[in-house]
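Observations on chain architecture
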Amino acid sequence: MKQKTGLGQYIYIVWDYFYSNIVTLVKVASHTFTKADTVEYPEQMPYLAPRFRGRIVLTRDPTGEERCVACNLCASACPTDCISLQKTEDESGRWSAEYFRINFSRCVFCGMCEEACPTYAIQLTQDFELAEYERQNMVYEKQHLLIDGPGKHPDYNFYELSGKAVSGRAKGAGTQEAEPVNLKSLLP
Amino acid sequence: MSPVMYNLLNVVLILVCVVFGAALLTWLERRLLGIWQDRYGPNRVGPFGTLQIVADMIKLLMKQDWVPPFADRLIFIVAPAFAMFVVVAAFAVIPMAPGVGVVDLNIGLLFFLAMTSLGVYAVMFGAYASDNKYAMLGGLRAAAQMVSYEVFMGLSLMGVVMLAGTFNLRELVLAQADGWFIGPQIVGFFIFFMAGIAESHRTPFDLPEAEHELTAGFHTEYSGMKFAMFFIGEYVSVLMSAAMITVLFFGGWLGPAWFPPLGWFLLKTMALVLLMILIRGSLPRPRYDQLMSFGWKFMLPLALVNLLITGALILI
Ligand code: SF4
Ligand code: SF4
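Just so you know, these numbers come straight off a predicted model, no measurement behind them.

The next thing to look at is the overall build of chain A. When helices and strands are tallied, chain A shows 4 helices and 5 strands. On C-alpha atoms alone, chain A measures out to a radius of gyration of 29 Å, which is more than a quarter above the 16 Å that the 2.2 N^0.38 rule sets for 188 residues. Its C-alpha atoms give chain A principal-axis dimensions of about 100 × 55 × 30 Å. Going through the 188 residues of chain A one by one, you find that 30% of them count as buried. Restricting the contact set of chain A to residue pairs at least 6 apart, pairs at least 24 apart contribute 67%. Carbon together with sulfur atoms contributes 56% to the accessible area of chain A, which is approximately 12,800 Å² in total.

Looking now at the overall build of chain B. Helices and strands together make up the secondary structure of chain B, namely 11 helices and 0 strands. Starting at the N terminus and walking to the C terminus, you meet the elements of chain B as α-α-α-α-α-α-α-α-α-α-α. A compact globule built from 316 residues would reach a C-alpha radius of gyration of about 20 Å, and chain B, at 20 Å, matches this within 12%. Dimensions along the principal axes, computed over C-alpha positions, put chain B at roughly 60 × 50 × 45 Å. The 316 residues of chain B split such that 53% are buried. For chain B, the proportion of contacts with a sequence separation of at least 24, taken over those separated by at least 6, is 78%. Surface accessibility of chain B: about 14,100 Å² in total, with carbon and sulfur atoms responsible for 75%. In chain B, 17 positive and 18 negative side-chain charges are present, and the distance between their average locations comes to 7 Å.

Taken together, 14 residues surround ligand 2, and among them Cys68, Cys71, Asn72, Cys74 and Cys117 of chain A come closest. Residues that form the shell around ligand 2 fall into these classes: 12 nonpolar, 2 polar and no charged.

Residues and elements named next belong to chain B. Enumeration over the complete set of coordinates arrives at 3 cavities of 30 Å³ or more. Taken together, 20 residues form the lining of the largest cavity, with Val87, Gly119, Glu199, His201 and Ser237 sitting closest to its centre. Broken down by secondary-structure element, the contributors of at least two residues to the lining of the largest cavity are α3 (73-91), α4 (108-130) and α9 (224-249).

Across all of its chains, the model carries 13 salt bridges over all chains by this definition. We note a salt bridge from glutamate 43 of chain A to arginine 44 of chain B, for which the minimum N-O separation is 3.0 Å. Here glutamate 43 of chain A, found in the loop between α1 (6-29) and β1 (56-58), pairs with arginine 44 of chain B, found in the loop between α1 (3-36) and α2 (52-62), and the two come from separate chains. Connected via shared salt-bridge partners are Glu40 and Glu43 of chain A together with Arg44 of chain B.

Glancing now at the nonpolar core. Here is a general trend for soluble globular proteins: nonpolar side chains tend to be buried in one another's company. Formed by 95 residues in total, the largest nonpolar core has its most connected members in Phe91, Phe112, Phe192, Ile245, Leu248 and Phe249 of chain B. No other element matches α9 of chain B, which puts 14 residues into this core. Setting aside anything within four residues of it in sequence, one finds isoleucine 245 of chain B in contact with Phe189, Phe192, Phe193, Phe250, Leu272 and Met276 of chain B. Within the second largest apolar cluster, 25 residues are counted, among which are Leu58, Ala97, Phe104 and Cys113 of chain A.

The rules we used
- Residues numbered from 1 in each chain as written.
- Chains lettered and ligands numbered in written order.
- Predicted model: local features only at pLDDT ≥ 70, side-chain atom pairs only at ≥ 80, totals over all residues.
- Heavy atoms only, no water.
- Helix = DSSP H or I, 4+ residues; strand = E, 2+ residues; numbered from the N terminus.
- Rg over C-alpha atoms; globule rule 2.2 N^0.38 Å.
- Buried < 20%, exposed > 50% of the residue type's maximum accessible area, 1.4 Å probe, protein only.
- Contact = heavy atoms within 4.5 Å.
- Areas by Shrake-Rupley, 256 points an atom, 1.4 Å probe, with all protein chains shown as cover.
- Lys, Arg positive; Asp, Glu negative; His and termini not counted.
- Charge placed at Lys NZ, Arg CZ, Asp CG, Glu CD.
- Near = heavy atom within 4 Å.
- Nonpolar A, V, L, I, M, F, W, Y, C, P; charged D, E, K, R; others polar.
- 1 Å grid on protein atoms, 1.4 Å probe; cavity = no way out; pocket = protein on both sides within 12 Å on 5 of 7 lines; lining within 4 Å.
- Points joined across faces, edges and corners; volume = space filled by probe spheres on them.
- Salt bridge = Lys/Arg side-chain N within 4 Å of Asp/Glu carboxyl O.
- Core = buried A, V, L, I, M, F, W, Y, C linked by side-chain atoms within 4.5 Å.

Geometry only, nothing functional implied.
Below, the structure is given as structure tokens:
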């Protein structure tokens, strides 16, 4: 626009201010007839994306055994250090967590633990309603975390493909495992 | 009913209605701003959230009534009461309908102008007594803003006074029986409307209490009921500006007879209040120097020119 000077510019500036302000007023007033974006939460649940990251659970494999092998990868991946666990081993040779504790008052629901887990044991769910009156109740123990089903990846079973021998099944006997290779043999 | 009883009833009812109306306005404003920002505003407590006022009141009453140790105690306590007193006193001269109104002064308009100019003292007292840098800046801005707005606020009304030939507000309304003053005095209306918004320091003229730069401006240090006094005072002065514009430019209670006069008055006032809330919901706050130059370089000359033309037309 050509730069005006003197009175012309003065009038232009005044007009510009008023015009833009009146346009603003009209546009805001027109919002009287638009629908509110508010989701009235307790009565109406908000839409949660399929990959929403909420309360953490520990899942079981298809045979109903605990998936977690207490490898501590989730605990070391966790940026807020809110997972603590202790490994134990039963007579069959399976590893599992002796205790498994998540402090949800520190968890930021980043999902790093789920990504780190080699057995799909730890998973984040759609539940976000975690409010408690007592802070101590935010600390979930293993019995609170463990669920009965497999969650995501329903067919995955770590001991069927990991090549680890557990009692009742030798190394390589799992349904998705190959026979062990004899390293010392020269036969092809 | 004896005249004394009638007057007493008038006074008490108007006082209660004004303060209650201002409280209701806090709810209305939040709902309307919500609607204009595509949300709901307070809608949980009571029907449509109207009991939100009660909830806010309980909250404010429960709060610690804190006077900072570094504050000037007496002035600090007097300031909010003064803010409330001044606006309520200005309400006394507003004629609402035939027979409804507190006093009928011959110099009603001047009394109104005097009371609104006193309002700045409440702000300055509060700011000075707080001994806080934000309050200080807010008080400075309030003083400068009030000084510049007071001038053309008075000038803008002189056109109306010339047309009606009286300072008595009741006679001013009656003078509009065959034509509201909004027609011949549209410029005066515009100027007074702006000044009215500036008077109640609301967006876009809320520089004394700009939340984003001065935390809360002159009432930064106030809490509890003292804060509520400032807060309600602001809404009373919104009501007062709207009522005054109704009286001066929109023919007060005059209107077709199928609606009671008081109803007309309230209807017009309400419409103006809605416009003020809409302005608050949409316009940005100007920079401080822009505000001052707008006042002195645009509004004041405009008011003078308006005065001149009105005078010339009356003489012809
Ligand atoms: S979601 Fe993130 S913060 Fe929470 S437990 Fe897992 S890794 Fe830690
Ligand atoms: S939850 Fe997964 S990552 Fe964490 S200890 Fe168990 S197996 Fe390892």
